[in-house]
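Understanding the architecture of this molecule
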Amino acid sequence: KLLRAILTGGLLRVIFFIEWSIMVLAPVIKDLQSIQYTIHYIRSFNSSIGACYYYKKEDNVNGFHLGLIMLLVAVILDAIITVPLMTIPQGVGYIEFFFSIIALPSYLAYLLVPGIYWVKKLNKINVNRKTS
């Protein structure tokens, strides 16, 4: 279960990394930071994709624990890949990257969205059991 949660977090982070790379390099929006951040915030709620993928099997792991694992994987990958390759060349270091007002809502989404997904899934299972 832990390995699948780590792989789910890694896969989700790769998707975010590709999305951010495209936005930074796309001629239409590469200079429009406010649009980039808006798109990124909307996409960060797609951590529900990771939750859907993880919960395809009948696991009842706490969704908030899953979110924490996915967040830790994201932070580690950002520390190893994103910051050295993308932000340090732009003059943004580790502290500025990880504690920016831009990153904090994304971290919160990583924690909350899988948890909310899990709670809704449990409620749906309980409702189905009561009606059967």
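My aim in this report is to walk through the structure given alongside it, one point at a time. None of the values given here were measured: they were computed from a predicted structure. The residue count restarts for each chain, going from 1 along the sequence in the order it is written. Totals for whole chains, interfaces and linings use every residue, but because this is a predicted model, local features are given only for residues with pLDDT of at least 70 and side-chain atom pairs only at 80 or more, for both listing and counting. Here the side-chain values reflect all heavy atoms present in the structure, with hydrogen atoms and water set aside.

1. Section: the pattern of salt bridges
The condition that has to hold: For this document, the term salt bridge refers to a Lys or Arg side-chain nitrogen within 4 Å of an Asp or Glu carboxyl oxygen. Secondary structure elements follow DSSP: runs of H or I no shorter than four residues count as helices, runs of E no shorter than two count as strands, and numbering proceeds from the N terminus. Each residue is placed in one exposure class: buried if its accessible area under a 1.4 Å probe, protein chains only, is under 20% of its type's maximum, exposed if it is over 50%, and partly exposed if it falls in between.
Using the criterion set out here, one finds 1 salt bridge in the structure. In this structure, Asp78 engages Arg13 in a salt bridge whose closest nitrogen and oxygen atoms are separated by 2.7 Å. With Asp78 in helix 4 (residues 63-87) and Arg13 in helix 1 (residues 2-25), the pair connects residues that are 65 residues apart, well separated along the chain. An identical accessibility class is assigned to Asp78 and Arg13; each is buried.

2. Concerning the environment of Tyr53
Among the secondary structure elements, Tyr53 is positioned in helix 3 (residues 47-54). Look at Tyr53 and you get partly exposed, because its relative accessible area is 39%. Here the alpha-carbon distance between Tyr53 and Ala5, two residues 48 residues apart in the chain, equals 9.6 Å.

3. Focus on the packing of aromatic side chains
What counts here: Aromatic contacts are taken between Phe, Tyr and Trp rings whose centres are within 6.5 Å, Trp giving its six-membered ring; a plane angle under 30 degrees counts as stacked, one over 60 as edge-to-face, and the others as tilted.
Applying the stated criterion to the full structure yields 2 aromatic pairs. Ring geometry for Tyr94 against Phe98: centres 6.4 Å apart, planes inclined by 15°, an arrangement best described as stacked. One end of the pair, Tyr94, and the other, Phe98, are both in helix 5 (residues 94-98), 4 residues apart, so they sit about a helical turn from each other. Relative accessible area serves as the criterion here: at 36%, Tyr94 is assigned to the partly exposed category. What makes Phe98 buried here is its relative accessible area of 13%. Relative to Phe98, the ring of Phe97 lies with its centre 5.0 Å away and its plane at 85°, an arrangement referred to as edge-to-face. Taken together, the ring pairs connect Tyr94, Phe97 and Phe98 into an aromatic cluster.

4. Some words on a nonpolar patch on the surface
Applied cut-off: Residues with no salt bridge and a relative accessible area higher than 30% make up the patches, which join like charges within 9 Å and nonpolar side chains (Val, Leu, Ile, Met, Phe, Trp, Tyr) within 5 Å. Using a 1.4 Å probe, the Shrake-Rupley method yields the accessible areas, and only the shown protein chains count as cover for residues.
Together, Phe64, Leu108, Leu112, Ile116 and Val119 line one region of the surface with nonpolar side chains, adding up to about 400 Å² of accessible area. The leading source of residues in the nonpolar patch is helix 6 (residues 103-131), at 4 residues. Mapping Ile116 onto the fold places it in helix 6. Since its relative accessible area comes to 44%, Ile116 is described here as partly exposed.

5. Considering the side chain of Arg13
Test applied: Contacts described as polar in this section are N or O atom pairs within 3.5 Å, which, within protein, must combine one atom able to donate a hydrogen with one able to accept it, while residues neighboring in sequence count only if both atoms come from side chains. Here a residue-residue contact requires only that any non-hydrogen atoms of the pair lie within 4.5 Å.
The exposure class of Arg13 is buried, given its relative accessible area of 13%. A polar contact of 3.4 Å, which involves the side chain of Arg13, links it to the side chain of Tyr110. Every residue in contact with Arg13, bar those within four places of it in the chain, is listed here: Ala74, Leu77, Asp78 and Tyr110.

6. What to know about helix 4
Cut-off, in case you're wondering: Given the number of residues in a helix, its expected span is that number minus one, multiplied by 1.5 Å. In this analysis the local bend is the angle between axes fitted, respectively, to the seven residues ending at and the seven residues starting at the residue.
Under the 1.5 Å per step criterion, the end-to-end length of helix 4 is only 31 Å for 25 residues, more than 12% shorter than the ideal 36 Å. In the structure, helix 4 departs most strongly from a straight axis at Asp78, where the bend amounts to approximately 50°. For helix 4, the set of buried residues is Gly63, Leu66, Gly67, Met70, Leu71, Val73, Ala74, Asp78, Thr82, Val83, Met86 and Thr87. The opening residue of helix 4, the one whose side-chain oxygen lies 2.7 Å from the backbone nitrogen of Phe64, is Asn62.

7. Here's the deal with the side chain of Asp78
By relative accessible area, Asp78 is classed as buried at 1%. Each residue touching Asp78, except ones within four places of it in the same chain, is listed here: Arg13, Val83, Pro84, Phe97 and Phe98.

On their own, these measurements won't tell you what the molecule is for.
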